[in-house]
Amino acid sequence: MLDHCSISHRGGVVLWSRSFTPEASHVASSASSPVNSLIREALIEGRTAEQKFEKDGYAVKWTFFNDLELIFVVAYQRILQLTYVDDLLTAIKTLFIKLFEPFLATFVASLHAINTGKSAPPSKNGNTSWNFAKAFDGWDGVFDKLLKGFEDKAAQERKSRFRPQARSIQVESGSPSDDDSTVPTESPDITQDEQQIARNVQALKTRLRGRGGRQGGRAASRVDSGTCEPVSENESSKRKSKTKTRRKWGDEVPTESDMASLDFSLDKSDAGVNGRLTNDLKSLVDSASLGTRNKDGLYEVRDWDFGNKGDASVIAKALNQEATQQSTSSLGALGSLFARLTGSKVLTEQDLKPVLEGMKQHLMKKNVAKEIADKVCEGVGEGLVGRKVGGFQTTSNTVRSALSASLTRILTPKTSTDLLLSIRTKLSSPSQKRVPYTITFVGVNGVGKSTNLSKVCFWLIQNNLRVLIAACDTFRSGAVEQLRVHVRNLGMLGVDGATNSKGRVELFERGYGKDAAAIAKEAIGYANENGFDVVLIDTAGRMQDNEPLMRALAKLVTVNNPDKVIFVGEALVGNEAVDQLTKFDRALRDFSSASSGKSRGIDGMLVTKWDTVDDKVGAALSMTYVTGQPIIFVGCGQTYTDLRQLRVDNVVQAILSD
């Protein structure tokens, strides 16, 4: 059963709506209605290629009619499996347009005239007000008949599915009989399937023997025997012989210079403190990548700048080529495809299908996840279907602007990325007791959480903030020692190269094997008592499919309620980025809401190893599309200054570049 159905204009005017229950009517009239959430979180952000939108127990599906800028929306309980919703939306759109197209065209033209500053065309009664109830008179009856037809058809399908199952249960429930006629016989289909399987196994053995070589022969012999044969002594000896070769030491006695080069102790007698500090600073800080200070004296990290300054995207290059010339770029076929779309022609799905396929291949080559590339291209296609193109250059501008606008909408953050402003706002808030700003870093194993946590710590120290690092990775061997080294190095660096910042950064540790949530809570209390401004919580890496570890992480987030939960991911991943972020965010929300009743997910991302991907920055698009949260920083090196901020224009330029 449906809860709500509405037809509205993209400008926000609701033409017709129907709520089927009092509760649904109340929810639909509130600001938190599923339809309003759909507009805010999906349509405005360009996520129009999703199959459905889920919010607060509701599932929402929609479709567009671009020519008249209409949106048809249906909402129902998520727990219900309504198979006819897509067909219902298509039928509603077709009938509504067929019945009221003249009125809708006049209404849309009136809106455009108002937006352009021209006077709206007067209606029959002489004013510009629209009486939708009168205009759509009779639509309620048509809708009721249409909905009843689909519901009856769905009920018939459910009955037909359950009927064979009931018959089989009735036969099995009968009492056994001694009659020979009731003895089951072997089905010839089963025998045939077994024979087919035997032939397939034999064919596989033949292929394995035909491959030849050592590995194929061994695999074939194991298939023939059906058991795992022991490895021969010769093979085992060869395996054992592949050991690490020992280092060969010279027979000569090492000289004093050799001993000095091997001396890494901090209290060298031949080097002063200043000389040692200078050498360490050179290895810890890259002066070329240092940030800048604004007019207020705040330290800002540099923006990531895309190296290719060419202003022509790959789509523009393809469109400017001759229609008969075969392009070598990933989207080169677009030129010849769009050359045929000239004149005053309305673009259709069939016209755009090959173009969108080339666009999808280009996005995937830029390291965009396949699922995200499909949805982005579908969203661009939905926005182009029904548009009129007046010429070759118009088509070029239309396609380029549509793709660029879609990528910009997705990458534009819906929340502030100014982390320093959030920290200072909380610390200076007069309405509550001063408590430190807490940031939790989460992610899978080996992505660089501890290293990039130290980079963020360096950035905070440069802005005269006292930072406490909580070592909550109590599982990985060496995790606490790694943070201890970072704290020692950061204490040496100071602010603007000074050596007086030992009190600005400290490490809170309780060893290994302890409860991470309890350590984080104790660290926040310690920071509050000792006047620290920010607490950075380092967590153990874990795979997104490990439910016990994800529950432990959700417990840490629920107990301590950090101000930011930052997911640390690699720029090298493609499809894996979608899986990691989706499962991390869903696990945190589900487990935190189960224990506290309040859902808490990921608030932002920090992408590491950004310097290894050049212009293949599609991971940023995939991560932002999945969560809707912004990328706060990217890590691009091994020193504490190798931290960058992303600008949407630079990322879009890199993705569209050839």
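Please read these numbers as outputs of a predicted model, since none were measured by experiment.

The rules behind each value
All chains use their own residue numbering, which begins from 1 and follows the written sequence. Reporting of local features is limited, given that this is a predicted model, to residues whose pLDDT is at least 70; pairs of side-chain atoms are given and counted only at 80 or more, and all residues count toward the totals for whole chains, interfaces and linings. Excluding hydrogens and water, the side-chain values take into account all heavy atoms of the structure. Going along the chain from the N terminus, every DSSP run of H or I of four or more residues is numbered as a helix, and every run of E of two or more is numbered as a strand. Think of it in three bands: with a 1.4 Å probe and only protein chains considered, a residue is buried below 20% of the maximum accessible area for its type, exposed above 50%, and partly exposed in between. By definition, residues are in contact when any of their heavy atoms lie within 4.5 Å. Each accessible area value is a Shrake-Rupley result obtained with a 1.4 Å probe; residue values ignore everything except the protein chains displayed when judging cover. Here, a strand pair is defined by DSSP locating no fewer than two bridges between the strands. To count toward a patch, a residue needs a relative accessible area above 30% and no salt bridge. Like charges then connect within 9 Å, nonpolar side chains (Val, Leu, Ile, Met, Phe, Trp, Tyr) within 5 Å. By convention in these notes, a salt bridge is any Lys or Arg side-chain nitrogen within 4 Å of a carboxyl oxygen on Asp or Glu. UniProt positions are given in the numbering used here, feature names are shortened, and annotations may be inferred rather than shown by experiment. Any N or O atom pair separated by 3.5 Å or less is treated as a polar contact, with the protein-specific requirement of one donor-capable and one acceptor-capable atom, and with residues adjacent in sequence counted only for side-chain atom pairs.

Caption draft 1: Looking closely at the overall build of the protein chain. Secondary structure assignment for the protein chain yields 23 helices and 18 strands. Residues classed as buried in the protein chain amount to 42% of the 658 residues present. In the protein chain, 71% of the contacts between residues at least 6 apart in sequence involve partners at least 24 apart. Approximately 36400 Å² of the protein chain is accessible, and the part contributed by carbon and sulfur atoms is 51%.

Caption draft 2: Quick peek at the pairing of strand S16 (residues 604–608). Counting buried residues along S16, 5 of its 5 residues qualify, which places the element largely inside the surrounding structure. Residues Gly604, Leu606 and Thr608 point to one face of S16 and Met605 and Val607 to the other, with burial holding for every one of them. In terms of strand pairing, strand S15 (residues 564–570) meets S16 through 5 bridges, oriented parallel. Its bridge partner being in S16, Phe567 is matched across the sheet by Met605.

Caption draft 3: Main features of a nonpolar patch on the surface. A surface patch of nonpolar side chains, amounting to about 330 Å² of accessible area, comprises Met1, Ile79 and Leu80. Inspection of the secondary structure puts Met1 in the segment before strand S1 (2–9).

Caption draft 4: Unusual backbone geometry, seen in detail. A positive phi angle is found at Glu69, which is not glycine, with a value near 60°. As for its placement among the helices and strands, Glu69 is situated in the loop between strand S4 (58–65) and strand S5 (70–77). Even without glycine at this site, Asn464 takes up a positive phi of about 60°. Locating Asn464 in the fold gives a position in the loop between helix H17 (449–462) and strand S12 (467–472). The exposure class assigned to Asn464 is partly exposed, which follows from its relative accessible area of 46%.

Caption draft 5: Main features of the UniProt feature "domain: SRP54-type proteins GTP-binding" (unreviewed entry) in the protein chain. Residues annotated in UniProt with the feature "domain: SRP54-type proteins GTP-binding" (unreviewed entry) correspond here to residues 630–643. The distance separating the terminal C-alpha atoms of residues 630–643 is 16 Å; by composition the span is 0% helix and 43% strand.

Caption draft 6: Inspection of the environment of Lys61 at higher detail. By the element assignment, Lys61 lies in strand S4. What makes Lys61 buried here is its relative accessible area of 13%. It is 6.5 Å that separates the C-alpha atoms of Lys61 and Ala75, two residues lying 14 residues apart in sequence. In this structure the side chain of Lys61 is engaged in a polar contact, spanning 3.4 Å, whose partner is the side chain of Asp86.

Caption draft 7: Main features of the side chain of Thr438. With respect to the helices, strands and loops of the structure, Thr438 is situated in strand S11 (residues 437–442). Its relative accessible area of 4% is what places Thr438 among the buried residues.

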